[in-house]
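So the chains spell out like this:
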Amino acid sequence: MDSLTQVALGSAVGFAVLGNKIGRKAVFWGAALGTLPDLDVFLPYGGPVESFTYHRGFSHSFFIHLLISPLIVWLILKLHSGMQTYKVRWFWLVFLCLSTHALLDSFTVYGTQLMWPFTEHPFALSNMFIIDPLYTLPLLLGLVCTLLPKVSSNTAYKINSIALGLSSLYLCTSFALKVMIDDKVKTALNNKNITYEKYISTPAPLTTLLWRVVVMSDDHYYEGYASVFDEPDEVTLSAYPTNPSLLNNIKNEWGVKRLQWFTKGFYSVREQQNKVILSDLRMGMECQYVFNFQVGEINSEGLTASNFDKISQRPSFNDMDKIWDRIWQPSNSLLNNTCNNDTNH
């Protein structure tokens, strides 16, 4: 999730654990610990693919959080020497602020290695977009109340607890909506006689009322959108070509294998100006994917592996009003008509 949400969540968790004992110190420590795992973005992993696939690795592991929490508590109590009485609560504050950060990240589609080093599997439940105001706003309200001097400690504690409850309820609702969308889309695929190998659904930007779906087939994939208010026959999918055979000569390259693993098979391969581009289909939209890598180059010697440079094609949020319109009107398409799609279904 975004940094603001993680700060708000960390402060809410910190105040819930220890706010009734030490007041606003719990808020500040919670906020700091809530953003600590993401500092791994500053580590020099060695290359674009490494940075992409090692992010949310060891720093997001529950086991690392469990091991490092006593050390952080020791450091905190060195600064607050008069709080030894709450040593156990400090441990829970530290561990829960770190682990809820990682758990929340696993609700997005990116992938979070919660069980590192026992497995590098990138857990991704994909029931939340990386920014969702309906989740973040209650937490921010609770944060503001804990910082207002005129709000009593007991009142702030109650408001913060309610805020945490509302945000958690919204998370649970997103799981229910995902189940509804998946059932609806799979019914649509069956009705359209579309066979597929892999399927994924993720919330559209800033909402859980509209979901983006990607369906992988043999030499093409489908992209579409489904609203919680759509009927199965109102789900529209567009097919786009992919050419995974371009990877045949470089399939044993570490970077290629790593990207195939991390994307869980949701990737496209295309040739562009004598370059072979692999795109992660899970994040972004057609023609505007967030993560694209130049994995090969076609020259006089044939296809050779390249330096795996990242190619940025981040989607624009200038048309957010179209997302709102699509929630209520299936006829309002969000599919990019300028892209080379095969067919509409």
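Rules of the game
- Residues numbered from 1 in each chain as written.
- Predicted model: local features only at pLDDT ≥ 70, side-chain atom pairs only at ≥ 80, totals over all residues.
- Heavy atoms only, no water.
- Helix = DSSP H or I, 4+ residues; strand = E, 2+ residues; numbered from the N terminus.
- Rg over C-alpha atoms; globule rule 2.2 N^0.38 Å.
- Buried < 20%, exposed > 50% of the residue type's maximum accessible area, 1.4 Å probe, protein only.
- Contact = heavy atoms within 4.5 Å.
- Lys, Arg positive; Asp, Glu negative; His and termini not counted.
- Charge placed at Lys NZ, Arg CZ, Asp CG, Glu CD.
- Patch = residues over 30% accessible without salt bridge, like charges linked within 9 Å, V, L, I, M, F, W, Y side chains within 5 Å.
- Areas by Shrake-Rupley, 256 points an atom, 1.4 Å probe, with all protein chains shown as cover.
- Salt bridge = Lys/Arg side-chain N within 4 Å of Asp/Glu carboxyl O.
- Expected span 1.5 Å × (residues − 1).
- Core = buried A, V, L, I, M, F, W, Y, C linked by side-chain atoms within 4.5 Å.

### Let's talk about the overall build of the protein
Reasoning step 1: A tally of regular secondary structure across the protein gives nine helices and eleven strands.
Reasoning step 2: A compact globule built from 345 residues should have a C-alpha radius of gyration of about 20 Å, and the protein, at 23 Å, falls within 12% of that.
Reasoning step 3: Counting only C-alpha atoms and orienting by the principal axes, one finds that the protein spans roughly 70 × 50 × 30 Å.
Reasoning step 4: Across the 345 residues of the protein, 49% fall into the buried class.
Reasoning step 5: Expressed as a percentage of contacts within the protein between residues at least 6 apart in sequence, the contacts between residues at least 24 apart total 61%.
Reasoning step 6: Computing the positive centroid from 26 side-chain charges and the negative centroid from 28, the protein places the two 15 Å apart.

### With respect to a nonpolar patch on the surface
Reasoning step 1: On the surface, Leu-36, Leu-39, Val-41 and Phe-42 cluster together into a nonpolar patch covering about 400 Å² of accessible area.
Reasoning step 2: One can find Leu-36 in the loop between helix 2 (24–35) and helix 3 (48–54).
Reasoning step 3: We classify Leu-36 as partly exposed; its relative accessible area is 33%.

### Let's talk about helix 7 (residues 153–191)
Reasoning step 1: End to end, helix 7 covers 57 Å across 39 residues, agreeing with the expected 57 Å (1.5 Å per residue, within 8%).
Reasoning step 2: Positive phi appears at Asn-193, one or two residues downstream of helix 7, with a value of about 55°.

### Regarding the nonpolar core
Reasoning step 1: The biggest cluster of nonpolar side chains holds 29 residues, and the ones touching the most others in it are Phe-52, Leu-247, Leu-259 and Val-295.
Reasoning step 2: Looking at this core, the elements that each hand over two or more residues are helix 3, strand 2 (210–216), helix 8 (254–262), strand 5 (267–272), strand 6 (275–280) and strand 9 (292–299).
Reasoning step 3: Considering every element that reaches this core, the biggest residue donor is helix 8, with three residues.
Reasoning step 4: When sequence neighbours within four positions are dropped, the list of residues in contact with Leu-259 reads Val-49, Phe-52, Leu-278, Phe-293, Val-295 and Phe-308.
Reasoning step 5: One finds Leu-9, Leu-18, Leu-104 and Leu-171 within the second-largest nonpolar core, a separate group that totals 28 residues.

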